[in-house]
Amino acid sequence: MPHSQDMTTALDPGLLDALQHQVAVFARRAEQTRLGGTGQLRNSMDRAAYLLLNRLDQEGPMGVKALAAGMGIDSSTVTRQVAPLVDTGLVKRTSHPEDGRAVVLQLSPRGLARLEEVRASRRQLMVEVTEGWTPDERESFCTLLTRFNSALSARQSAHAGQVPATTGSESAQTS
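The notes below deal with the structure included here. (Residues numbered from 1 in each chain as written. Predicted model: local features only at pLDDT ≥ 70, side-chain atom pairs only at ≥ 80, totals over all residues. Heavy atoms only, no water.)

Another aspect to go through is a nonpolar patch on the surface. On the surface, Leu19, Val23, Phe26, Trp133, Phe141, Leu145, Phe148 and Leu152 cluster together into a nonpolar patch covering about 670 Å² of accessible area. Counting residues per element, the ones that place at least two in the nonpolar patch are α2 (13–33) and α7 (135–160). Within the secondary structure layout, leucine 145 lies in helix α7. (Patch = residues over 30% accessible without salt bridge, like charges linked within 9 Å, V, L, I, M, F, W, Y side chains within 5 Å. Areas by Shrake-Rupley, 256 points an atom, 1.4 Å probe, with all protein chains shown as cover. Salt bridge = Lys/Arg side-chain N within 4 Å of Asp/Glu carboxyl O. Helix = DSSP H or I, 4+ residues; strand = E, 2+ residues; numbered from the N terminus.)

Now the structure itself:
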């Protein structure tokens, strides 16, 4: 397999520049809007909260370490990000069903309702943003974006010496 430097010079530098620029613009726009969807500002949710709530919804109750490992982030980061979600009642801490000494995080009914509200709003945003796209174009974009996110995750994990975090449940969701 060619060295990554060899691959970079073999590819069109102009295309690579355009790609990295579009990724940067996308990241900025996503953060600016918080991909808040349509309608009221209350439909926005920061990225960390959305990803945490989404993972708990998709995979069920779990401990901080499992949540962190699944997301490819540090346990202390998860602990810090979960605290306001617990404080606002979107996530609840409960005893592990098999080991009462362990604590697991669980999406609360209020958290699920809030997540569904944000998902519906984001779905509408995706409809509006991709208006004029064919179903095949939407599917292709989602497939390529998922592939891109998976490659970034694998690269980050390899550099950190970790097992790659799964991005399927985060990116395959209708957001």
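Moving on from the model shown.
Two numbers describe how helix α3 (residues 47–59) lies on helix α4 (residues 64–71): the axes approach to 11 Å, and their chain directions differ by 110°. Taken together, the axes of α3 and α4 are roughly perpendicular relative to one another. Across the interface between the two elements, Leu51, Leu52, Arg55 and Leu56 from α3 touch Leu67, Gly70 and Met71 from α4. By residue class, the composition of the contact of α3 with α4 is five nonpolar, one polar and one charged. (Axes fitted to C-alpha atoms, helices over the stretch in contact; angles between N-to-C directions. Parallel < 35°, antiparallel > 145°, perpendicular 65-115°, else oblique. Contact = heavy atoms within 4.5 Å. Nonpolar A, V, L, I, M, F, W, Y, C, P; charged D, E, K, R; others polar.)

Attention now moves to helix α6 (residues 109–129). Taking 1.5 Å per residue as the helical rise, α6 with its 21 residues ought to reach 30 Å, and the 30 Å between its terminal C-alpha atoms agrees with that figure. Three or more residues of α6 are buried, namely Gly111, Arg114, Leu115, Val118, Arg119, Ser121, Arg122 and Leu125. Contacts from the buried residues of α6 go to α3 and β2 (103–107). (Expected span 1.5 Å × (residues − 1). Buried < 20%, exposed > 50% of the residue type's maximum accessible area, 1.4 Å probe, protein only.)

Our next topic: the packing of aromatic side chains. Scanning all chains against the criterion turns up one aromatic pair. Residues tryptophan 133 and phenylalanine 141 carry aromatic rings whose centres are separated by 5.4 Å and whose planes lie at 85° to one another, so their mutual orientation is edge-to-face. The ring of tyrosine 50 has arginine 122 sitting right over it, with the charged end atom 4.1 Å from the ring centre. (Phe/Tyr/Trp six-rings, centres within 6.5 Å; stacked < 30°, edge-to-face > 60°. Lys NZ or Arg CZ within 6 Å of the ring centre and 35° of its normal.)

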